[in-house]
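Reading the structure
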Amino acid sequence: MSGDRPSPLVIERILRDRQGIWQQIVADDDLNALTGRMLASSAVALACYGAVLGAFHGVLMALTSAVKLPLLFLITLAICLPTLYLFNLVFGARLSVRQSVALVMVAITVTSMLAVAFAPISLFFLITAPDYGFFKLLNVAILTLSAVVGLRFLTGGMQVLNAHGLLAPSAAAAANGTQAAVAAPAAPAAVPAQPASGEPVAEPVAVGAGANGTTPAAEAQPVAVVPAQPAVGVPAQPVVLAGHPMAAFPPGMVPPGYAGAGRPWATPPVRRGESERPASMTLLYVWILLFGFVGTQLAWTLRPFVGSPGEDFALFRSIEGNFYAEILRTLGNLF
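Below you will find a few notes about this structure.

How each quantity is defined
- Residues numbered from 1 in each chain as written.
- Predicted model: local features only at pLDDT ≥ 70, side-chain atom pairs only at ≥ 80, totals over all residues.
- Heavy atoms only, no water.
- Helix = DSSP H or I, 4+ residues; strand = E, 2+ residues; numbered from the N terminus.
- Buried < 20%, exposed > 50% of the residue type's maximum accessible area, 1.4 Å probe, protein only.
- Contact = heavy atoms within 4.5 Å.
- Areas by Shrake-Rupley, 256 points an atom, 1.4 Å probe, with all protein chains shown as cover.
- Expected span 1.5 Å × (residues − 1).
- Arc of directions from axis to C-beta.
- Polar contact = N/O pair within 3.5 Å; in protein donor to acceptor, adjacent residues only side chain to side chain.
- Salt bridge = Lys/Arg side-chain N within 4 Å of Asp/Glu carboxyl O.

Let's talk about the overall build of the protein chain
Tallying secondary structure elements over the protein chain gives 10 helices and 2 strands in all. Counting from the amino terminus, helix and strand elements in the protein chain follow one another as α-α-α-α-α-α-α-α-β-β-α-α. Put simply, the protein chain has 335 residues, and 35% of those count as buried. Of all intrachain contacts in the protein chain linking residues separated by at least 6 positions in sequence, the fraction that spans at least 24 positions is 67%. Of the accessible surface of the protein chain, which amounts to about 19300 Å², a share of 66% is contributed by carbon and sulfur atoms.

Put into structure tokens, the structure is as follows:
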């Protein structure tokens, strides 16, 4: 952890040392204790925020909402977690059940702590502007914003697991093998460049000086000049024939993907993460939408959390309509 002394609050560790959290989940190290701490912290935070919600109607509703709100998140997790785990198994991921639970609990812990951080703001508007419609929309916005931030932590953790090959191990191994092959290519033999005639070029070289300091022509001897050799390990420029795709490029310029005369056009290796995404990551976003739909429907089933001031206290309401229609109706009445 990034500090001399570990923090007693698990949320502080998540926010300050998130890479350490991801590495612990990757290593599957003491996840039971970590998950237990996150579960306890989330339950306490959600209970506090639920008490603020129910305080709009009275003490009894506050106590009821303090129990209902943690149940809302935990039951939603219990309903949706098997889907996430099976999605990963179907597409070759190597996540264990404890790793999946720990990942989702990180998101729920961040969501619950952000929600309880907004509790003083919600309480302020409860005291200064006790309007039922406005108070309900305000808390829906707070919970939505907190959930979005928490789910971003979930996607960040899955990306770290993807980098360690836990989501698509076969593809990760293939990518590592390709990069190793590209990193150490075989050094081709140096081919000397030959003149057009194919013979060595002879030039006169002075071997003595005359009386006037010049070299007599008779004393000059022809010496063969060795053609310039390319540097060791640098392949010679391939010969380009007319009509070849390389003919359109100036001498010395090689287009991307060109691999020499033997392999005119080769597809460059694709780096992991540039043009492909593991199926587990794609299905994670589908699972997040599913988690949101299940959570909103369960919230509608467990209502009331705030409690209408014109009605008596009730533990549950009859299931009629849906969450989204109620939000639209509240917006229409408010404006």
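Some thoughts on unusual backbone geometry
The peptide bond linking Arg303 to Pro304 adopts the cis configuration, its omega dihedral lying at 10°. Residue position: Pro304 is located in the loop between helix H9 (279-302) and helix H10 (323-334). At Asp28, a residue that is not glycine, the phi angle is positive and equals roughly 55°. Summarising the element assignment, Asp28 is placed in the loop between helix H2 (18-27) and helix H3 (31-54). Positioned with a positive phi, Asp30 is a non-glycine residue whose angle comes to about 55°. When you line up the elements, Asp30 lands in the loop between H2 and H3. For Asp30, a relative accessible area of 51% corresponds to the exposed category.

Considering H10
Counted at 1.5 Å a residue, the expected span for H10 with its 12 residues is 16 Å, and the 17 Å between its end C-alpha atoms agrees. Of all the residues in H10, the buried ones are Phe323, Glu326, Ile327 and Thr330. The arc that holds every buried residue of H10, seen down its axis, measures 100°, which confines them to one face. Of the exposed residues in H10, those oriented more than 90 degrees away from the buried face are Leu328 and Gly332. Two or three places before Tyr324, at the opening of H10, Asn322 has a side-chain oxygen 3.1 Å from that residue's backbone nitrogen.

Details of H2
Since there are 3.6 residues in each turn of an α-helix, residues three or four apart along the chain are aligned in direction. Along H2, the residues that are buried comprise Ile21, Trp22, Gln24, Ile25 and Val26. The inward-facing, buried residues of H2 contact helix H1 (10-16), H3, helix H5 (97-117) and helix H7 (132-163). Just downstream of H2, Asp28 is the residue with a positive phi angle, here 55°.

Quick word on the pattern of salt bridges
Tallying each qualifying case throughout the model produces 5 salt bridges. For Lys136, the salt bridge identified is with Glu326, shortest N-O distance 2.8 Å. Residue Lys136 is located in helix H7, and its partner Glu326 is located in helix H10; the two are separated by 190 residues in the primary sequence. Of the residues examined, Glu326 reaches a relative accessible area of 16% and is grouped as buried. Two residues, Glu326 and Arg329, come together in a salt bridge whose shortest N-O distance is 2.6 Å. Of the two residues, Glu326 and Arg329 both sit in helix H10, 3 residues apart, roughly one turn of that helix. Take Arg329: its relative accessible area is 46%, and that puts it in the partly exposed class.

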